Amino acid sequence: MNRLLAPQTVAVIGASPHPDKIGHVLMRNLAGFAGRVYPVHPSADEVLGCRAYPSVRAIPETIDLALVAIPPQATPTALEDCAAAGVGAAIIYSGGWAEAGGEGITAQAQALQIARAAGLRLLGPNTSGFVLPAAGLYATFVPDLPSKLQGGTLAIVSQSGGVNVSLCFLAQNEGLGVRLGIGLGNACDIGWSDALDWLAADRETAVVALALEGVVNGRALYESLERLTAKHPVVAYTVGRSDVGGFAKSHTGVLTGSHRVKRAALAQAGAVVVDSLTELIDAAQALGATRLMPRRDYGVGVVTGQAGPGLILTDELRARGISLPPLPKTSRARLTELLPPLTYQENPVDTGRPGPTFTQVIQTVRQAEGIDLLAVSLLHEPGAVDPVSALADAAPCVLCSLGPAESTAEVRDHLRSARIPVLPSPERAAAGVAALIDDARRQWRKSQQRPGRSPSNAPQFRPADGVWNEDSAKELVAQLGIAVPPRVVCATVAEAEAAFARLGPPVVAKILHVDIAHKTEAGGVHLNVRTVDGLRGALEAMSRIAGGRYLIERMAAPGPELLIGARRDPSFGPIVALGSGGIGTEVDDDAVIRLAPLSTAEAATMLDELKSAARYRGFRGDPRVDEQVLAEALAALGNLLAMRSDINEIEINPLRVTDQGLIALDALVVAR
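Residues numbered from 1 in each chain as written. Predicted model: local features only at pLDDT ≥ 70, side-chain atom pairs only at ≥ 80, totals over all residues. Heavy atoms only, no water.

1. Looking at the overall build of the protein chain
Within the protein chain, the secondary structure is distributed over 23 helices and 30 strands. The dimensions of the protein chain, computed from C-alpha atoms along their principal axes, are 95 × 80 × 40 Å. A burial count over the protein chain gives 56% of its 672 residues as buried. Put simply, 70% of the contacts in the protein chain that link residues at least 6 apart link residues at least 24 apart. Surface exposure of the protein chain reaches about 27,700 Å², of which carbon and sulfur atoms provide 51%. If you average the places of the 61 positive and of the 69 negative side-chain charges in the protein chain, the two averages end up 4 Å apart. (Helix = DSSP H or I, 4+ residues; strand = E, 2+ residues; numbered from the N terminus. Buried < 20%, exposed > 50% of the residue type's maximum accessible area, 1.4 Å probe, protein only. Contact = heavy atoms within 4.5 Å. Areas by Shrake-Rupley, 256 points an atom, 1.4 Å probe, with all protein chains shown as cover. Lys, Arg positive; Asp, Glu negative; His and termini not counted. Charge placed at Lys NZ, Arg CZ, Asp CG, Glu CD.)

Rendered as structure tokens:
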């Protein structure tokens, strides 16, 4: 990776004297590179004043990095030359490889085979390359970047070369210089883990921004991201929606589509996950200026020079779930001395038009008990207040600076040395505050918890391939320590009547058939059966749906219902989901995901993130969930999949919360 990102010698294969060629743009972009550049051209003697060579083999010294700017059909020969010459790394810019399908897949595999046999690392193909401004290394075909991008401490890693360059310019527009901007392209060799591990060891990087699309080896990405977030704050944006056709038999698949899994994995590894590229840059702006100490939560104090922007800032912060604690009496008394009558002096604090006491107001709120971070909004008014001097000692603080671009840019550049991020609107300032707190919370959570470990003794069973029936699934669930109702499997009416007498009314009568995934909708579940005649009627109705056996089960006590499940994601491996159960699964679309194995401590954080969490904490007199037992059940499901590669999916839906505890009313297991 150092020969890719810190080369001393660079060869441009396909260097051209013609300005409309990619090889010409590459040569021009390398004009400021401090190392040695060698153009490779089959017939030219020189390119842009540099002596040219017919092959990389003819260059008189070993090449660290080769920029391969030739068509795909000529690339294998060039790679063979690189391999023979001991080149360390190569970038393949051209398209038409695996992303094009067909012969492109075969061609990409051939290129990778050549490279791996020689220990040659490949970036791409189908990439715009990378930029490393501090080294004057613009290994990209985007014209004139050396004159347009300034160096800095933000590292950008993207799959898309276009997104990579776009983010570089978005950052530049906000005064945020770039340490590294790299597009992985098809990532046939060098991928996420390589880039993230290099950045984890890079002392010049302050913050990392990721833009993801599809992820092939999600578990490797997760592990590298865990290592990186321990060193630098990371902000991540991912696109893509779920295709869960392969998991249609259960609800867990619907609730854990690929997009959700990516976001959950990124957050669990410690990244701040955002919803837009603008928010990505805003979060990077904040985290690049300062990183808060790991803590479970932060109290924010809001001070505004103008009521309207302060109201918007306050609303945005509260909408993001950020705590704005009330100021203590002593702080309010001091504010009464500093501010005119009729100004709002709680939290937020509205100063009216800011005056000479503004700095003292800032210090009063900053020092108030329960306030750990300031969010300040100011309209740039010459002669009113100097935000640079007023906020010089206010960190940790985020400033929303409103006014002409040149004025706010000047304030931003001055306050950066004070580790105070400056953002140009209330909404964007709120995004910066949220990023700082989210990062601190995630680092605190990681510091508190040990990684999940698989138990030494796995449940004992001999799995049948495919979908198990409910009775077999519940037997496994019981082995995991999760309560199930007393039940009897019956093949005849007489057996069902005997089970009814043994269990006692009321009972539930269910059809036991692996091909009926949603039994209730099919008429295969009869609740609250209290008489023998009622039982016979239920059995007769179910016999018309499908022949087979029946499950007679004691009715459980009422209570709210959850879904818990685990499945094997094709990229990230075993994952665990918690969501609303029963019919709520269909309506609420409310789920929280973790990668497995996970500790019970990590599992215990999942309920807090469920939008409907209040429903399970004694809402309107309903039974309250035992959160420790729930965490143990979630961890058990995840650890089962981590231990047993022959289990593809397990789901409990509904898992009912009762006064007697949690009880699994239905279960599904898919083995492979």
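Structure's up, so let's keep going.
2. Regarding the sheet that holds strand E24 (residues 549–554)
If you trace the four strands from one edge of the open sheet to the other, you get E21-E24-E22-E23, paired in antiparallel fashion. Edge positions in the sheet fall to strand E21 (487–490) and strand E23 (525–529), since each has one partner strand and no second. Going from strand to strand, the sheet's axes swing by 20 degrees on average, the running direction of each strand aside. Relative to E24, strand E22 (residues 507–512) is paired through six bridges, and the arrangement is antiparallel. (Pairing = 2+ DSSP bridges. Axes fitted to C-alpha atoms, helices over the stretch in contact; angles between N-to-C directions.)

3. Focus: the pattern of salt bridges
Taken as a whole and judged by the stated rule, the model has 38 salt bridges. A salt bridge links Arg179 to Asp202, with the shortest nitrogen-to-oxygen separation between them at 2.8 Å. Here the residue Arg179 occupies a position in strand E11 (residues 178–183), and Asp202 occupies one in the loop between helix H6 (192–200) and strand E12 (207–212), the gap between them amounting to 23 residues. Of the two residues, Arg179 and Asp202, neither departs from the other in class, the shared state being buried. (Salt bridge = Lys/Arg side-chain N within 4 Å of Asp/Glu carboxyl O.)

4. Notes on the packing of helix H11 (residues 307–319) against helix H16 (residues 426–448)
At a minimum axis separation of 8 Å, H11 and H16 run at an interaxial angle of 40 degrees. Between H11 and H16, the angle is such that the two are oblique. Pair H11 / H16 crosses with right-handed handedness. In this structure, H11 uses Pro309, Ile312, Leu313, Glu316 and Leu317 to contact H16, whose residues at the interface are Pro426, Glu427, Ala429, Ala430 and Val433. When grouped by side-chain class, the residues that make up the contact of H11 with H16 number eight nonpolar, no polar and two charged. (Parallel < 35°, antiparallel > 145°, perpendicular 65-115°, else oblique. Left-handed = near helix turned anticlockwise from the far one by under 90°. Nonpolar A, V, L, I, M, F, W, Y, C, P; charged D, E, K, R; others polar.)

No statement about biological role is implied by the geometric values presented.
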